[in-house]
Amino acid sequence: DLIPVITIDGPTASGKGTLASSLATRLGYRFLDSGSLYRIAALLAMEAGVDLDDGRQVEMLARRVGHSIPLHFDGEHVWLDGRDVGADLRREEVGQAASRISANPGVRQALLDLQKAFRALPGLVADGRDMGTVVFPDASLKVFLTASVAQRAERRYKQLISKGFSANLKEICADLEARDLRDRTRAVAPLKPAADARSLDNSALSIDESVDTVLNSWVEGW
Ligand code: C5P
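Residues numbered from 1 in each chain as written. Predicted model: local features only at pLDDT ≥ 70, side-chain atom pairs only at ≥ 80, totals over all residues. Heavy atoms only, no water.

Structural notes on the overall build of the protein
Condition: Helix and strand assignments come from DSSP, with helices taken as H or I runs of at least 4 residues and strands as E runs of at least 2, each series counted from the N terminus. Each radius of gyration is computed over the set of C-alpha atoms, and the globule rule expresses the reference value as 2.2 Å times the number of residues to the power 0.38. Under the convention used here, a 1.4 Å probe and the Shrake-Rupley method define accessible areas, while residue burial counts only the protein chains that appear. For the charge count, each Lys or Arg is scored as positive and each Asp or Glu as negative, with His and the chain ends excluded. A charged residue contributes its charge at one atom only: NZ of Lys, CZ of Arg, CG of Asp or CD of Glu.
The number of helices and strands found in the protein is 10 helices and 8 strands. For the protein, whose C-alpha radius of gyration is 17 Å, the value lies close to the compact-globule estimate of 17 Å for 222 residues. When the backbone C-alpha atoms are referred to their principal axes, the protein occupies close to 50 × 40 × 35 Å. Carbon and sulfur atoms provide 52% of the accessible area of the protein, an area that totals close to 10,700 Å². The protein carries 28 positive and 31 negative side-chain charges, and their two centres are separated by 2 Å.

Here you go:
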């Protein structure tokens, strides 16, 4: 595929989304926040009162997200069948539910083609857990982004407070660690760096510094 893709994978709240969307803006590329697709499937399951461990039901909902429900991304807004679920998707319990259902291979398969379809000219920046390993294995540039748990918890805390949610730093730390463990140890598409990914620890970097680091190394060739 000649259409360039930059993949940014890494653990929860490592700053993937911010880095990926900033890169996309700088390059004029499209942007895929793949976690939002898992969050949408999770939200639908929660709203429908479906047991998250009911693999077949959850898979059916994921297939609707992947193939039939009208879906439109517009910055913070995510239009799902005509309603804006952007704020709902960011809720912590939706993230936890997304992490649970994303261990289901049927759910991952149901969302695969939709993710690949984001690859269009002039290029794509995609963030998630398996962008470089599974969805875009031939990506032009693969980044595995990390940051300390303390840094990530603090960022997530500030993000929630700034959006008017209540938040507890200790609980956030525990949630992050639970989610990371589940994402790293699942059988299908676990969170891990692609063999040809470049690791970047952004604990001490500003957003602009992270963006510049990635862009410079792309120009120079890692
Ligand atoms: O990145 P975000 O926190 O929005 O993702 C929510 C959950 O969706 C993650 O904890 C992970 O389990 C799952 N996910 C995934 N593969 C991706 C993106 C997200 O399994 N590519």
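As for the packing of helix α8 (residues 149–162) against helix α9 (residues 169–185)
Let me state the cut-off plainly: Each axis is a line fitted through C-alpha atoms, taken for helices only over the stretch in contact, and angles between the N-to-C directions span 0 to 180 degrees. Our angle categories are set so that under 35 degrees counts as roughly parallel, over 145 as roughly antiparallel, 65 to 115 as roughly perpendicular, and the remainder as oblique. In this scheme the handedness of a crossing depends on how the near helix is turned from the far one: anticlockwise by less than a right angle means left-handed, clockwise means right-handed. In this analysis, two residues are considered to be in contact whenever any of their non-hydrogen atoms come within 4.5 Å of each other. Each residue receives one of three labels: charged for Asp, Glu, Lys and Arg, nonpolar for Ala, Val, Leu, Ile, Met, Phe, Trp, Tyr, Cys and Pro, and polar for the others, Gly being one of them.
Here α8 crosses α9 at 120°, and the two axes come no closer than 9 Å. When the interaxial angle is binned, α8 and α9 end up oblique. α9 is crossed by α8, and the crossing has right-handed handedness. Contacts between α8 and α9 pair Val149, Arg152, Ala153, Glu154, Arg156, Tyr157 and Leu160 from the former with Leu169, Ile172, Cys173, Leu176, Glu177, Arg179 and Asp180 from the latter. Taken together, the residues of the contact of α8 with α9 break down into 8 nonpolar, no polar and 6 charged.

Section: the site of the ligand
Stated formally: Near is defined per residue: the residue qualifies when any heavy atom it owns lies within 4 Å of the molecule or strand. The term polar contact refers here to a pair of N or O atoms within 3.5 Å; inside protein, the definition further demands a hydrogen-donor-capable atom paired with an acceptor-capable atom, and it admits residues adjacent in sequence only when both atoms are side-chain atoms.
Inspection of the region around the ligand gives 15 residues, with Arg39, Arg108, Arg129, Asp130 and Asp183 positioned closest. A distance of 3.0 Å separates a nitrogen atom of the ligand from a polar atom in the side chain of Ser34. The separation between an oxygen atom of the ligand and a polar side-chain atom of Ser102 is 2.9 Å. Within the complex, 98% of the 450 Å² of free accessible area of the ligand lies under protein. Within the residue set of the shell around the ligand, elements represented by two or more residues are α2 (34–47), α5 (92–101) and α9. Grouping the amino acids of the shell around the ligand by side-chain chemistry returns 3 nonpolar, 5 polar and 7 charged.

Quick look at the nonpolar core
The following threshold applies: Residues belong to a common nonpolar core when they are buried Ala, Val, Leu, Ile, Met, Phe, Trp, Tyr or Cys residues joined through side-chain atoms within 4.5 Å. Think of it in three bands: with a 1.4 Å probe and only protein chains considered, a residue is buried below 20% of the maximum accessible area for its type, exposed above 50%, and partly exposed in between.
In this structure, Leu32, Ile40, Leu44, Ile101, Val107, Leu124 and Phe136 are the most contacted members of the largest nonpolar core, which totals 37 residues. Mapped onto this core, the elements with two or more residues apiece are α2, α3 (55–67), β4 (77–80), α5, α6 (105–116), β6 (124–128) and α7 (131–135). In contact with Leu32, not counting residues within four places along its chain, are Leu37, Gln115, Phe118, Leu124, Val125, Ala126, Asp127, Met131 and Phe136. One finds Ile8, Leu19, Leu23 and Val214 within the second-largest nonpolar core, a separate group that totals 15 residues.

Observations concerning the packing of aromatic side chains
Quick note on the threshold: The criterion for an aromatic pair is that two Phe, Tyr or Trp rings (for Trp, the six-membered ring) have centres within 6.5 Å, with stacked assigned to planes under 30 degrees apart, edge-to-face to planes over 60 apart and tilted to the rest.
The tally for this structure, following the rule as stated, stands at 1 aromatic pair. Measuring from centroid to centroid gives 6.0 Å for Phe73 and Phe118, while their planes differ by 65°, and the two rings are edge-to-face. Remark: Phe118 occurs in the loop between α6 and β6 and Phe73 occurs in strand β3 (residues 71–74); sequence separation between them is 45 residues. With relative accessibility at 30%, the residue Phe73 sits in the partly exposed group. Take Phe118: its relative accessible area is 16%, and that puts it in the buried class.

Overview of the sheet that holds strand β5 (residues 83–84)
For clarity, the cut-off: Note on pairing: two strands pair once DSSP finds at least 2 bridges between them.
Read from one edge of the open sheet, 3 strands run β3-β4-β5, paired in antiparallel fashion. Since the sheet does not close on itself, it has two edges, and those belong to β3 and β5, each with one partner. Relative to β5, β4 is paired through 2 bridges, and the arrangement is antiparallel. From the neighbouring strand, Trp79 faces β5, where its bridge partner is Asp84. Sheet strands touched by α2: β3, β4 and β5. Its angle to β3, the strand with the most contacts, is close to 125°.

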